[in-house]
Amino acid sequence: QNTLQQGERLRFQWRRLQAEVQELDIGINFPYLAQTSLGIGGELEIYRRDSTFSTTRLRGELIWMTAFEKELGGFIERWNSNQLGSALGVEDLNITRYGLRGKYVALDYRLNPLNGIDFSVEGSAGLKTRKQFDIDQEVQEIESTQVAASLRFLWHKGVIGNLGIGGRIIAEKKWDESVLTNEQFRIGGLNSLRGFNEEGIFTEAYSIVSIHLKYRFDSNSGAFVFYDQGWTEGNELIPDDRPFGFGAGVNFGTKNGVFSLVYALGSQFNQAILLRDAKIHFGFVNLF
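Let me begin by describing the structure that accompanies this report. Since the model is a prediction, treat every value here as computed from it, not as a measurement.

Each value, and the rule that gives it
- All residue numbers refer to position in the chain's written sequence, counted from 1.
- Given that the model is predicted, a residue must reach a pLDDT of at least 70 before its local features are reported, and side-chain atom pairs must reach 80 or more before they are shown or counted; all residues, however, enter totals for whole chains, interfaces and linings.
- Where side-chain values are given, they derive from all heavy atoms of the structure, hydrogens and water being excluded.
- By the criteria applied, helices consist of DSSP H or I runs no shorter than four residues and strands consist of E runs no shorter than two, each listed in order from the N terminus.
- In this treatment the radius of gyration is a C-alpha quantity, and the globule benchmark scales as 2.2 Å times the residue count to the 0.38 power.
- The method behind every accessible area is Shrake-Rupley, applied with a 1.4 Å probe, and residues are considered shielded solely by the protein chains displayed.
- In this tally, Asp and Glu contribute negative charge and Lys and Arg positive charge; neither His nor the terminal groups of the chain are included.
- To locate a charge, take atom NZ for lysine, CZ for arginine, CG for aspartate or CD for glutamate.
- Relative accessibility thresholds used throughout: buried, under 20% of the residue-type maximum; exposed, over 50%; partly exposed, between the two (1.4 Å probe, protein chains only).
- When checking whether two residues touch, look at their non-hydrogen atoms; a contact exists if any pair is within 4.5 Å.
- Any pair of nitrogen or oxygen atoms within 3.5 Å is treated as a polar contact; in protein, a donor-acceptor pairing is required on top of that, and neighbouring residues in sequence qualify only through side-chain atoms on both sides.
- DSSP bridges decide pairing: two strands pair if at least two such bridges lie between them.
- Here a Phe, Tyr or Trp ring, Trp counted by its six-membered ring, pairs with any other such ring whose centre lies within 6.5 Å, and the pair is stacked when the planes are under 30 degrees apart, edge-to-face when over 60, and tilted otherwise.
- Ring-over charges, as used throughout, are those where CZ of Arg or NZ of Lys falls within 6 Å of the ring centre and within 35 degrees of the ring normal.
- For this document, the term salt bridge refers to a Lys or Arg side-chain nitrogen within 4 Å of an Asp or Glu carboxyl oxygen.

### Thoughts on the overall build of the protein chain
Broken down by element type, the protein chain carries zero helices and 16 strands. By the compact-globule yardstick of 19 Å for 288 residues, the protein chain fits well, its C-alpha radius of gyration being 20 Å. Across its three principal directions, the C-alpha atoms of the protein chain cover 70 × 60 × 30 Å. Taken as a whole, the protein chain presents about 15,900 Å² of accessible surface, with 58% of it coming from carbon and sulfur. Of the charged side chains in the protein chain, 30 are positive and 35 negative; the average position of the first set lies 9 Å away from that of the second.

### Thoughts on the side chain of S260
Inspection of the secondary structure assignment puts S260 in strand β15 (residues 257–267). Judged by its relative accessible area of 17%, S260 is buried. Once residues within four sequence positions are removed from consideration, S260 is found in contact with V250, N251, H281, F282 and G283.

### A look at the environment of E20
Assignment of secondary structure puts E20 in the loop between β1 (9–18) and β2 (21–30). Placed 28 residues apart in sequence, E20 and R48 show a C-alpha to C-alpha distance of 8.0 Å. Dropping the residues within four chain positions of it, E20 is found in contact with R48, R49 and D50.

### Regarding the side chain of S144
Relative to the helices and strands, S144 resides in strand β8 (residues 139–160). Of the polar contacts made by the side chain of S144, one reaches the side chain of D176; its length is 3.0 Å. The contact partners of S144, leaving out residues within four places of it in the chain, are G126, L127, K128, D176 and E177.

### Side note on the pairing of strand β5 (residues 70–83)
Bridging between strand β4 (residues 53–67) and β5 involves 14 bridges; their strand directions are antiparallel. Paired with R57 across the two strands is W79, which belongs to β5. Hairpin connection, β4 to β5: the antiparallel pair is bridged by two residues, and E69 has positive phi, about 60 degrees. Of the pairings in the sheet, the one linking β5 to strand β6 (residues 92–107) comprises 12 bridges and is antiparallel in character. Residue pairing across strands places G74 opposite L100, the latter belonging to β6.

### Description of the packing of aromatic side chains
Summed over all chains, the structure comprises eight aromatic pairs. Judged by centre distance (6.2 Å) and plane angle (70 degrees), the ring pair of F119 and F153 falls under edge-to-face. Of this pair, F119 sits in strand β7 (residues 116–133) while F153 sits in strand β8; the two residues are 34 residues apart in sequence, bridging distant segments of the chain. Taken together, a centroid distance of 6.5 Å and an interplanar angle of 15 degrees make the contact between F244 and F246 stacked. A network of ring pairs unites the aromatic residues Y227, F244 and F246 as a single cluster. Its guanidinium or amino end placed over the ring of W79, K174 lies 4.2 Å from that ring's centre, counting from NZ or CZ. Cation over ring: R186 sits above Y47, and NZ or CZ is 3.6 Å from the ring centre.

### Some thoughts on the pattern of salt bridges
Under the definition given, this model contains 26 salt bridges. Between E199 and R15 there is a salt bridge, and its shortest N-O distance comes to 2.6 Å. Placement of the pair is E199 in the loop between β10 (185–187) and β11 (201–203) and R15 in strand β1, with a sequence separation of 184 residues. Residue classification places E199 among the buried positions, given a relative accessible area of 11%. The shortest N-O distance in the salt bridge between R101 and E71 comes to 2.7 Å. Of this pair, R101 sits in strand β6 while E71 is found in strand β5, placing the two residues 30 residues apart along the sequence. A residue is classified by how much of its surface remains accessible, and R101, at 14% relative accessible area, is buried. Note on E71: relative accessible area 2%, which makes it buried.

### Some words on unusual backbone geometry
The phi dihedral of D50 falls on the positive side, at around 35 degrees, and the residue is not glycine. Looking at where D50 falls in the secondary structure, it is placed in the loop between β3 (38–49) and β4. Notably, E199 is not glycine yet its phi reads approximately 50 degrees, a positive angle.

Structural data, given as structure tokens:
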């Protein structure tokens, strides 16, 4: 952020989630064009899952900055996904959606807050075209209208001294005649449902409600315990579920940023909680 002294935000992230699962995420945001409250932004995400499918998502948006970390935006988003194998629930598809989003952040300290809220909401609608083979093995295009919405709300409240409580609500849903596997939401891991593999759960719609108790040692360090309760919407292949995770974590402040380490256990489809299935999530955050 602000590397070029223009208030811009640049993001580059590459992850190898599993042996043959890779994800590339690039984002750019330039606010205050020509010294106005308007800005532009864009995102590119490329996701490839072994020999099953490959998806590319491209977004462009126009942003109105009402204040720092408080903004409204209108965007156009283009999806293109290609079937690489013959897995069930995967088809070639193209989606174009138009939408609006809003963001409001008011935290006492971004890296390790004790008080404040972080809120964002988004809604979009558009046309989806998917390709199927009929009984004569000829390609048939099927069109449908797709509506999508997402919500993210985090809150922090100091109780006594450096002791605080907090929580978060994350929810996303797509309304369509049929939501294919290669366009479903992917959850699990440090930033969504802890105690599960990173983006290891596919679902058409979900919500996650979390609560935590935190003690802050200093501005960049602390320890916390948490509980995550999730709800996922199934289909004809996978039933609805209520996965949950719980555990404890620590944040270490260093000269270069904040390092997070989380130990978590999780369960889905009413499976028993086993210590051998525990997950250790770790991350590193810095602001420039």
